[in-house]
Amino acid sequence: MSGRTSRPPDAGETTVAQYLLNLIQPDGDAPPPPEFLEPIMRDIAAVNEEMRAAGVWVFAAGLHPASSATVLTPQGDDVLVTDGPFVEAKEHIGGFTLIDAADLDAALFWARKIARASTLPIEVRPVADGGE
């Protein structure tokens, strides 16, 4: 764990960047049973509502299983279309949330809340703006 602290975003901060919070879930097409999934979905909805109220929430979505992916790979002047995920893996991105945050520490604050609510690892990545 990094030395970063868990702190709420400062209300007066004006510099804002976007961060993608990826939910990393185990591979498999079958969802967990309702008695396990329903409290998690309720907790995630509560965090999403908290982010909306704080003005940081931009967008969130779950994804279909990795097996539903289609990958397009350029090959010379052609493009190869392949069914299934790009790589074989034991875990994949199952959903994501896009937020506006003043800095990485503020993004980590919200990612911690999502990790606790979802019980899944969360990957935090800054979104590159058009000027980078």
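All figures in this text were calculated on a predicted structure; none of them were measured in a lab.

S.K.: Can you walk me through helix 1 (residues 34-54) in this structure?
M.R.: Structurally, the α-helix is built with 3.6 residues per turn, so residues lying three or four positions apart point the same way. The first and last C-alpha atoms of helix 1 sit 30 Å apart over 21 residues, in line with the 30 Å expected at 1.5 Å per residue. Listed in full, the buried residues belonging to helix 1 are Ile40, Ile44, Val47, Asn48 and Met51. The buried side chains of helix 1 occupy one side of the element, clustering within an arc of 100° when seen end-on. Along helix 1, exposed side chains directed more than 90 degrees from the buried face belong to Glu35, Glu38, Arg42 and Ala53. Tucked into the core, helix 1 has its buried residues touching strand 1 (17-26), strand 2 (57-62), strand 5 (91-101) and helix 2 (104-118). Remark: Gly55 follows helix 1 within two positions and exhibits a positive phi of approximately 80°.

S.K.: Which parts of the structure should I look at to understand the layout of surface pockets?
M.R.: Empty space among the atoms can be located by rolling a probe the size of a water molecule over them. What the largest pocket holds in volume is close to 700 Å³. Gln25, Leu37, Met41, Gly94 and Leu120 are, among the 28 residues lining the largest pocket, the residues nearest its centre. At the level of secondary structure, the elements contributing two or more residues to the lining of the largest pocket comprise strand 1, helix 1, strand 2, strand 5 and helix 2. Considering only residue class, the lining of the largest pocket consists of 17 nonpolar, nine polar and two charged. The space that makes up the second largest pocket amounts to roughly 220 Å³. Every residue lining the second largest pocket is counted, 15 residues in all, and those nearest its centre are Ala66, Pro85, Phe86, Val87 and His92. Of the residues that constitute the lining of the second largest pocket, the class distribution is seven nonpolar, four polar and four charged.

S.K.: Please clarify how the nonpolar core should be interpreted in this entry.
M.R.: The biggest cluster of nonpolar side chains holds 18 residues, and the ones touching the most others in it are Leu21, Met51, Ile99, Trp110 and Ile114. Of all the secondary-structure elements, those providing two or more residues to this core are strand 1, helix 1, strand 5 and helix 2. The element contributing the most residues to this core is helix 2, with seven residues. Those residues in contact with Ile99 that lie beyond four places of it in its chain are Ala17, Gln18, Tyr19, Leu21, Met51, Val56, Trp57, Val58, Ala107 and Trp110.

S.K.: Can you walk me through unusual backbone geometry in this structure?
M.R.: Keep in mind that most residues, glycine aside, have a negative phi and that most peptide bonds are trans. With phi around 65°, Thr119 is a residue other than glycine that occupies positive phi space. Mapped onto the fold, Thr119 is located in the loop between helix 2 and strand 6 (122-126).

Each value, and the rule that gives it
Residues numbered from 1 in each chain as written. Predicted model: local features only at pLDDT ≥ 70, side-chain atom pairs only at ≥ 80, totals over all residues. Heavy atoms only, no water. Helix = DSSP H or I, 4+ residues; strand = E, 2+ residues; numbered from the N terminus. Expected span 1.5 Å × (residues − 1). Buried < 20%, exposed > 50% of the residue type's maximum accessible area, 1.4 Å probe, protein only. Arc of directions from axis to C-beta. Contact = heavy atoms within 4.5 Å. 1 Å grid on protein atoms, 1.4 Å probe; cavity = no way out; pocket = protein on both sides within 12 Å on 5 of 7 lines; lining within 4 Å. Points joined across faces, edges and corners; volume = space filled by probe spheres on them. Nonpolar A, V, L, I, M, F, W, Y, C, P; charged D, E, K, R; others polar. Core = buried A, V, L, I, M, F, W, Y, C linked by side-chain atoms within 4.5 Å.

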